[in-house]
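# Structural characterization, general
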Amino acid sequence: MEAPIGPRSCAGLGYAGNMHTGQTTRGTLLGRIRDGTDEVAAWRELDSTYREMLLRFCRSRGLQHADAEDVVQQVFARLVNGLKKFEYDRSRGRFRDYVYRCVRNAISDWVGCQSRTVAGVVGLCGVVKEEQEWVDSFHQEWVDHHFRCAIAEVEKTADPQSIEVLRATLAGRTVKEVAVTLGMQEMAVYKVQQRMRDRLRARIAEQVAEEDSE
Amino acid sequence: MSDPHPQPPPADQGRGPANDAILDERLTRDFGFDSDEWQARARRASRPGVPLGSMGQYELTLELGRGAQGVVYKAVQPGTGRVVALKRLGAGLPPAERDIEHMRREVRAATRLSHPNIVTVYATETIDGHAALVMEYVQGIAIDRWADEQRGKAEKSRAGTTPLLRCFLGVCDGVEHAHRRGVIHRDIKPSNVLVTADGTPKVLDFGIALLTDHLKAQTTATGFAGTPAYAAPEQVLGTRERDDTRCDVYALGAVLRRMVTGEELFGPGASMAQIVDVARSGTRIPASRSNPLLPRDLDWIILKAMAPEPDGRYQSVGALADDVRRFLEGRTIAAHPPTLRYQAGRFVARHTIACSLAGIAVAAVLTLSALSTMQAISLSKRGEELAGALQAERAATATAVVARVHAEEQQRVASAERDRQQAIAAYLLNVADGVAENSAGRLNVPVEDLGNWFEGAQGALDRVEDPVVRARLHLGLSEMRRASDDVKKARWHAQQALSLLPASGQERLRLRALIRLCANTNSQVRDGEAAIAFMREAGLSEEPIAVEAWRQLGTCYQRARRTDDALKALEDAASVATKLRLGKEVEAQIVSDEAVVLWRGGRVDEAMSAGERVLALLTPEESAGSEAARKAAIAMGEVSFAKGRYEDAERYFGSASAWSRASPGDGHIGTRNAMRWHARALHELGRYEEAAALYERLLQLVPPGHEAADVGVWWVRFRYGATLLGLGQTQEARRQLCMAVSKGLDRGYKPPSGELAQMVDRAERALQATNLRFTPELKKQLGDMDWLVDFVGGKLAAGAGQSPAEEPVEH
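A brief report on the enclosed structure follows. (Residues numbered from 1 in each chain as written. Chains lettered and ligands numbered in written order. Predicted model: local features only at pLDDT ≥ 70, side-chain atom pairs only at ≥ 80, totals over all residues. Heavy atoms only, no water.)

## A short note on the packing of aromatic side chains
- By the definition in use, this model includes 14 aromatic pairs over all chains.
- Seen from their ring centres, Trp142(A) and Phe31(B) are 5.7 Å apart, and the 50° between their planes marks the pair as tilted. Linking Trp142(A) in helix α5 (residues 131-157) with Phe31(B) in helix α1 (residues 20-31), this pair reaches from one chain into another. Phe31(B) carries the same exposure label as Trp142(A), and that label is buried.
- A network of ring pairs unites the aromatic residues Trp142(A), Phe147(A), Phe31(B), Phe33(B) and Trp38(B) as a single cluster.
- Positioned above the aromatic ring of Trp142(A) is the side chain of Arg96(A), whose terminal nitrogen or guanidinium carbon lies 3.4 Å from the ring centre.
- The lysine or arginine in question, Arg82(B), covers the ring of Tyr122(B), its NZ or CZ lying 4.1 Å from the ring centre. (Phe/Tyr/Trp six-rings, centres within 6.5 Å; stacked < 30°, edge-to-face > 60°. Helix = DSSP H or I, 4+ residues; strand = E, 2+ residues; numbered from the N terminus. Buried < 20%, exposed > 50% of the residue type's maximum accessible area, 1.4 Å probe, protein only. Lys NZ or Arg CZ within 6 Å of the ring centre and 35° of its normal.)

Quick look at the structure:
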């Protein structure tokens, strides 16, 4: 059973998360897909890493949930096939740009398919908008995606009080409110927030670097 | 519509490896880490997702699952507030109009299914161009997860597999219900079976596999949309044009395997190529390899359900469920080769307490050789008592003590011997009962295995003294002999049983023996009438066995060509069956007898309509394994054959043969009869190869050393010879024809019966038709049939003007 789209655990996340050692244990996703040894695992990894981001992006483009699911399946198929066929070239753009192109094309194809076969699909007029808006929206989803993954990862190792502070902050509470609720000094809350910020930043740096190494 | 070169986001035009300065700048810019802006961005990222929205008229509340077939939501119908499960079937173009009608028909059939173990489909709709099913919402978990939990509990409570199997039987009931209504599932797997909190299994997605196959075929290269670990080999390989119910039997076997072992047949890394290889090679891995604690019988059940060839599987879900029930009751299962040792094991398992007592008794008997020692010990124990008595000069008491000790010892010995006999008898009666079941068509025992049973029961007869037990064993043996078509011995055993039974008491057994006696005679009306007279005298007229007695009398009359009397007897059988409400199988049996009587009495059209009544009474699934359906189909086939309508005949005989081969199996006399007729009809249609294959199988079925006793074998060889001539295989045809004649004469029918003379005559004409010449090579081939070579050769030579050999056959 799955919940509707929303913040969820990034357990099983594709990012290896050990950049501090200067190594990655998994090798690049790309490398593994290309050598063809572990396609199913690669697919799963794509799914656990990018699924929610892509679903949210599709929904922001006006697709219904079920259609968004279909499109995301298509995107993964395109990614795996494209990576195999060396469509993706790191010297021509980053991995996330490639993902963007795949999802953009998948949505376009889906719109075309729907308008050919289904008369009068409601809400499609909202799908095709200005290209720049698409790009911005995707970028926003990308940022959100890294934040969500980093928060999930950081929460795994942080102490309970730090987690409480982080959650209260993300719920929109002021420092003062957090301090009162958790019975802490305001200064202490600030310090925890800074520590959490640094850890999130470090974690996101790892994730982005890893993504760029694809 | 794809745009091969959409503009990448401008923010991403910088690239490159993780250069610290660039990365730093990007993180600052994109994630707002240079100020408290990061908090706002992280907050945005953590917001709940967009609501699921609606689909058609339904408000989606939760995604329940997603797979190759599509997405399932929990949804609310706004007008009624009804909570439903809404399944939107997979992506792709809607199927073409010409394909869709077949699918619609099946989906419509599925929506009419109503059973506690099936998730009800309320409606099918098209929403935004996608097929969608509106179904009953069931709160439950997939049966594999449920089974894992149960196994965890069972380890603590030592409940074993029983709760799992009870739940599995519920699944079978649901699937069987659908099959009866013509709906095949085609994609049974754990995720399609939900188990509710009270342990009730509910099967999902009946009838939609066709639809999803179509959709999937558009998106996959193979067009195979099932779940490999649960799909039957013929589905994976696409070797059958149409799926039949047996692919569901396979899938149920795979589900049972998953439930009891906790392991998937194929690991997550298995490629399609590996799966296809396994399907092709028919490799089967016993479930006990994954769970060594699994009882062997369950292994057999799973292996049979998952047999690579559909013909090797249980032929219906009902048969699979019956075997699981038998297993739960500790009875012999059909899937297991019925060796004597196995039977004994099952018997002991069922009667643990009785057997342990018997075991103790037997052990006591085994030590009887040391009885004198025991007595000595016993006496010495009482010695003190004796000494005390003597000491007190109570001589009379002392004598009494000695007498009591002796009496006690004797009683102990007698009781131990009685227990021993009862234990042996009970075991063998269990064997005999098993065979009786076989003869009733409920056990699928190959005829070769009957040898073991004969041996066990015969051996037992030498050791058991109780006449009633001996009589029951004889009755079991009579059934065995009948099932393997040894009429004479069957009759002999029935006579023995009768002679052993006491004059009073045991009336039912006596009646059974009387019925068995006339079942094996050719035309003894008086035997049938004697059975009925006894039945009335013993007050058994209103019991189920009365139906058997009346049916038997009907058969006796029919053999004596007294058609009206036979029909009257069958009417009496029917009235008892109706009064006792014995069910439609019994009714079908009586009507099938009627069909045979009418056909033999020359009332052809009435026979056909009686046959049709039988087939109308039974569903196709019920016909498999039904003696009544087989008899009716054979009678209808014979009518068609006599009228020269060979195609109809072939169809009827083919059905009879297929049903009967499914159960009670090839070895049964009824099956062999059906196969003989089927082969004959095929021969008439010029389908010699198919006919030859059936004849070969029939000959294989004759147990070694049994041929001489079996008139049917000669006929098979004759027919086979004729078919081989049709195929142009004259050499083998001659061999079969010669063997037929040889076996006929070898049985000591001298002077031969009219039938034999006819056979010999036909064989000769056939041989002449092939221009048979007894060349030295052929003589060599025929080997031990020198006399025949001389005989037939002599006749042929006489025809050619040479000196004739002595004529041994009168025409």
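## Looking at the side chain of His179(B)
Residue and element names in this part refer to chain B.
- Of note, His179 is situated in helix α5 (residues 162-180).
- At 2.7 Å, the side chain of His179 and the side chain of Asp248 are in polar contact.
- With residues up to four places along the chain from it excluded, the contact list for His179 reads Ile184, Thr245, Asp248, Val317 and Glu621. (Polar contact = N/O pair within 3.5 Å; in protein donor to acceptor, adjacent residues only side chain to side chain. Contact = heavy atoms within 4.5 Å.)

## Focus: the packing of α5(B) against helix α11 (residues 317-328) of chain B
Residues and elements named next belong to chain B.
- The geometry of α5 relative to α11 is characterised by a closest axis approach of 9 Å and an angle of 160° between their N-to-C directions. Comparing the axis directions of α5 and α11 gives the class roughly antiparallel. For the element pair α5 and α11, the recorded crossing hand is left-handed. Residues Thr162, Leu165, Arg166, Phe168, Leu169, Cys172, Asp173, Val175, Glu176 and His179 of α5 form the contact with α11, whose participating residues are Val317, Gly318, Leu320, Ala321, Val324, Arg325, Phe327 and Leu328. (Axes fitted to C-alpha atoms, helices over the stretch in contact; angles between N-to-C directions. Parallel < 35°, antiparallel > 145°, perpendicular 65-115°, else oblique. Left-handed = near helix turned anticlockwise from the far one by under 90°.)

## Quick notes on the pairing of strand β4 (residues 82-89) of chain B
Residues and elements named next belong to chain B.
- Most of β4 sits out of view: six of its eight residues are buried.
- One ladder, built from five bridges, connects β4 with strand β6 (residues 130-136); its direction is antiparallel. Across the sheet, residue Leu86 finds its bridge partner in β6, namely Val134. (Pairing = 2+ DSSP bridges.)

## Section: the sheet that holds strand β9 (residues 201-203) of chain B
Residues and elements named next belong to chain B.
- Spatial ordering of the open sheet is given by β7-β8-β9, a layout of three strands whose pairing is antiparallel. Single-partner strands in this sheet number two, and they are β7 (140-142) and β9. Taken over all neighbouring pairs, the strand axes of this sheet differ in orientation by 35° on average, direction set aside.
- Bridge count for β7 against strand β8 (residues 193-196) is three bridges, and the pairing is antiparallel. In the sheet register, Ala142 faces β8, and the bridge partner there is Leu194.

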